[in-house]
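So you can see what is in the structure, the chains are spelled out below.
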Amino acid sequence: MNTLDINQIKQYLPHRYPMLLVDRVLNWESGKSITAIKNVTANEEFFNGHFPNKPVMPGVLMIEALAQTAAILSFLTMGQKPDENTLVYFLGIDGARFKRPVEPGDQLKIEVEILRVARGIWKYKAKGSVDGQLAVEGELMCTMRTANDVPVGLPAGVTPGE
């Protein structure tokens, strides 16, 4: 089983607290899929204002957790770690749906599958669930660039997805 702890995750994502939203990778398969978790705690900064009397994880942060997990999968698939000049741009989301609130004490289980990679654009099917109940889902798109706007692509011969 391929797993990553928080220190390994930090090698693939530039995000840090409070914006690092992936705590552990439970399993991944290059070019195919990844499963990760985000432990949602009462200490999260956003709960101070969203909402003080009924804390709920903002939907945009649930989507960000899906996107961060997708970025990790892309780098693992390419067999490379990003350097300080590599940026992952979130291009879009289709079919985003929020099915249940995510609250302090929940563990958001994130599952991402690569649908296709074409012309430097990665498309993924992603979902997050809590205790087996779907919380968020959508299809994400991103691209990778260097700080000089040069595309970051797949190594020769790697064609993930169908």
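The residue numbers shown here count from 1 along each chain, following its written sequence. Owing to the predicted nature of the model, reporting of local features is limited to residues with pLDDT of at least 70; listing and counting of side-chain atom pairs is limited to 80 or more, with chain, interface and lining totals taken over all residues. The side-chain quantities take in all heavy atoms of the structure and omit both hydrogens and water.

Colleague: I'm lost on the layout of surface pockets in this one. Help?
Modeller: With a probe scaled to a water molecule rolled over the atoms, the places where space remains empty come into view. Here a cavity denotes grid points, spaced 1 Å and computed from the protein atoms alone, that fit a 1.4 Å probe unable to get out, and a pocket denotes an open set having protein on both sides within 12 Å along at least 5 of 7 lines; residues with an atom within 4 Å of a point are the lining. Grid points are joined across faces, edges and corners, and a volume is the space filled by probe spheres set on the points. Taken as a whole, the largest pocket spans an internal volume of roughly 330 Å³. What lines the largest pocket is a set of 23 residues, among which Leu13, Pro14, His15, Ala71 and Val88 lie closest to the centre. The secondary structure listing takes helices from DSSP runs of H or I that are at least 4 residues long and strands from runs of E that are at least 2 residues long, numbered from the N terminus. Looking at the lining of the largest pocket, the elements that each hand over two or more residues are α2 (59-78), β3 (86-98) and β6 (133-146). Residues are grouped as follows: nonpolar covers Ala, Val, Leu, Ile, Met, Phe, Trp, Tyr, Cys and Pro; charged covers Asp, Glu, Lys and Arg; every other residue, Gly included, is treated as polar. Partitioning the lining of the largest pocket into residue classes produces 15 nonpolar, 4 polar and 4 charged.

Colleague: I would appreciate a short explanation of α2 in the present structure.
Modeller: Spacing of three or four residues puts side chains on the same side of an α-helix, whose turn is 3.6 residues. In this model α2 runs 29 Å from its N-terminal to its C-terminal C-alpha over 20 residues, within 8% of the 28 Å that 1.5 Å per residue would give. Burial analysis of α2 places 17 of its 20 residues in the buried class, the great majority of the element. Looking at the residues trailing α2, positive phi occurs at Gly79, about 70 degrees. Given the number of residues in a helix, its expected span is that number minus one, multiplied by 1.5 Å. Any residue under 20% of the maximum accessible area for its type is buried, any over 50% is exposed, and the rest in between are partly exposed; the area is computed with a 1.4 Å probe on protein chains only.

Colleague: What is the right way to read the sheet that holds strand β5 (residues 121-130) from this model?
Modeller: The strands that make up a sheet pair up through hydrogen bonds in the backbone, lying either parallel or antiparallel. Sheet architecture is open: 6 strands sit in the order β1-β2-β4-β5-β6-β3, paired in antiparallel fashion. Strands at the two margins of the open sheet, each flanked by one partner only, are β1 (24-29) and β3. Pairs of neighbouring strands in the sheet enclose a mean axial angle of 20 degrees, with direction left out of account. Two strands qualify as a pair provided that DSSP identifies no fewer than 2 bridges between them. Relative to strand β4 (residues 107-118), strand β2 (residues 33-39) runs antiparallel, the two sharing 7 bridges. Among the inter-strand pairings, Ile37 is bridged to a residue of β4, identified as Lys109. Whenever a helix is involved, its axis is fitted only over the stretch in contact; in every case the axis is a line through C-alpha atoms, and angles between N-to-C directions fall within 0 to 180 degrees.

Colleague: Can you help me understand a nonpolar patch on the surface in this one?
Modeller: Together, Leu87, Tyr89, Leu91 and Ile121 make up an exposed nonpolar region whose accessible area comes to about 330 Å². The element best represented in the nonpolar patch is β3, accounting for 3 residues. Within the fold, Leu87 resides in strand β3. Like-charged residues within 9 Å of one another, or nonpolar side chains (Val, Leu, Ile, Met, Phe, Trp, Tyr) within 5 Å, are grouped into patches, provided each residue has over 30% relative accessible area and no salt bridge. Using a 1.4 Å probe, the Shrake-Rupley method yields the accessible areas, and only the shown protein chains count as cover for residues. Here a salt bridge means any side-chain nitrogen of Lys or Arg lying within 4 Å of a carboxyl oxygen belonging to Asp or Glu.

Colleague: Before we go on, may I ask you to explain the pattern of salt bridges in this structure?
Modeller: Should their charged atoms come close, side chains of opposite charge can pair. Under the definition given, this model contains 6 salt bridges. A salt bridge links Asp94 to Lys123; the nearest nitrogen and oxygen atoms lie 3.9 Å apart. In this pair, Asp94 is assigned in strand β3 and Lys123 in strand β5, connecting sequence segments 29 residues apart. Through salt bridges with shared partners, a single network forms among Asp94, Lys123 and Glu139.

Colleague: What is the right way to read the pairing of β2 from this model?
Modeller: Side chains on a regular strand alternate between the two faces of the sheet. Across the 7 residues of β2, 5 count as buried, placing the element largely inside the fold. Strand direction decides the pairing type here: β1 and β2, joined by 5 bridges, are antiparallel. Among the inter-strand pairings, Asn27 is bridged to a residue of β2, identified as Thr35. From the end of β1 to the start of β2, which pair antiparallel, there are 3 residues, and Gly31 there has a positive phi angle of about 75 degrees.

Colleague: Help me understand the confidence of the model for the chain in this model?
Modeller: Predicted coordinates in areas of low pLDDT are best not read in detail. For the chain, per-residue confidence averages 92 on the pLDDT scale, and 94% of positions sit at 70 or higher. Per-residue confidence from the predictor is given as pLDDT, running between 0 and 100. Note on contacts: a residue pair qualifies if any of its non-hydrogen atoms lie within 4.5 Å across the two residues. Low pLDDT (under 50) marks residues 155-162, which in the prediction has 12 contacts with non-local residues, meaning those over four places away or in another chain.

Colleague: Teacher, can you tell me more about the side chain of Ser129 here?
Modeller: For Ser129, the position within the fold is in strand β5. Leave out the neighbours within four places in its chain, and Ser129 touches Gln107, Leu108, Lys109, Leu134 and Ala135.

Colleague: Please explain unusual backbone geometry as it appears in this structure.
Modeller: Excluding glycine, a negative phi dihedral is what most residues carry, and trans is how most peptide bonds are arranged. The step from Tyr17 to Pro18 runs through a cis peptide bond, and the omega angle for that step is 5 degrees. Within the element layout of this structure, Pro18 appears in the loop between α1 (6-9) and β1. Omega for the peptide link from His50 to Phe51 comes to 0 degrees, which places this bond in the cis form. Take Phe51: it is sitting in the loop between β2 and α2.

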